[in-house]
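# Examination of the molecular architecture
Letter by letter, the chains look like this.
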Amino acid sequence: VYRITHPMHSLECYIGRTVVPLPERLAQHLSDAKSKSGESDQKLHAAMRFRNYEGFEIEEVGVAYSKCELVRLEHDMIIEHDSIKNGWNKVLPNPDNCIEDEVEKGSQYTIDGEVYTADSLSELCRKAGVSRTTVNFYRLKDQSIEEAVSSARVAKSKPERVYVVHRQRYKT
């Protein structure tokens, strides 16, 4: 579990989880903030754009030895740092809905006729262009990994609806 901070925003931070080296994870966030400029609704990406992508620091704040332990630790750290209300996190992960990652190094999956090789569920989701959270939503409905990724693709392809309530925009 890691924390991203910026010296100009001493009270704000972002808490996340990763299995890749921290400098690589920070580089991924910066790349996403640049490539999804205007598209990304992540508060962290908005902060990165505001600060011209410079000065952000990443540090390890906890270690876990299973996926569900990692989700629990991220959950607890987000609460401890109050990083939803006073930081750049948007959602609190639900550790009660955790499914241990069944993807082993070098696993192959055929999804909608395409073959993917991945070392983790996160990598599979990135390659398939879907959200890991959405895939886990379908996994909790007892779908296989292939079915869940396919369902996530279908969900992503549906037209997005936007609702405005008291000037706040909500997407479905």
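Every value quoted in this text rests on a predicted model; they were computed, and no experiment measured them.

Further remarks concern a nonpolar patch on the surface. A cluster of nonpolar side chains, Ile79, Ile84 and Leu92, forms an exposed patch at the surface whose accessible area comes to about 230 Å². Looking at the element boundaries, Ile79 is found in helix α3 (residues 67–81). With a relative accessible area of 49%, Ile79 lands in the partly exposed category.

On to the side chain of Ser150. By the element assignment, Ser150 lies in helix α6 (residues 145–157). By relative accessible area, Ser150 is classed as buried at 18%. Once residues within four sequence positions are removed from consideration, Ser150 is found in contact with Ile111 and Asp112.

So, about the layout of surface pockets. Taken as a whole, the second largest pocket encloses approximately 170 Å³ of empty space. Looking at the second largest pocket, it is lined by 13 residues, and the ones nearest its centre are Val1, Thr18, Val63, Ala64 and Leu70.

Along helix α2 (residues 43–50), the residues classified as buried are Leu44, His45, Ala47 and Met48. Projected down its long axis, α2 shows its buried positions confined to an angular sector of 160°, all on one face. Remark: Asn52 follows α2 within two positions and exhibits a positive phi of approximately 55°.

Reading the values: the criteria
Residues numbered from 1 in each chain as written. Predicted model: local features only at pLDDT ≥ 70, side-chain atom pairs only at ≥ 80, totals over all residues. Heavy atoms only, no water. Patch = residues over 30% accessible without salt bridge, like charges linked within 9 Å, V, L, I, M, F, W, Y side chains within 5 Å. Areas by Shrake-Rupley, 256 points an atom, 1.4 Å probe, with all protein chains shown as cover. Salt bridge = Lys/Arg side-chain N within 4 Å of Asp/Glu carboxyl O. Helix = DSSP H or I, 4+ residues; strand = E, 2+ residues; numbered from the N terminus. Buried < 20%, exposed > 50% of the residue type's maximum accessible area, 1.4 Å probe, protein only. Contact = heavy atoms within 4.5 Å. 1 Å grid on protein atoms, 1.4 Å probe; cavity = no way out; pocket = protein on both sides within 12 Å on 5 of 7 lines; lining within 4 Å. Points joined across faces, edges and corners; volume = space filled by probe spheres on them. Arc of directions from axis to C-beta.

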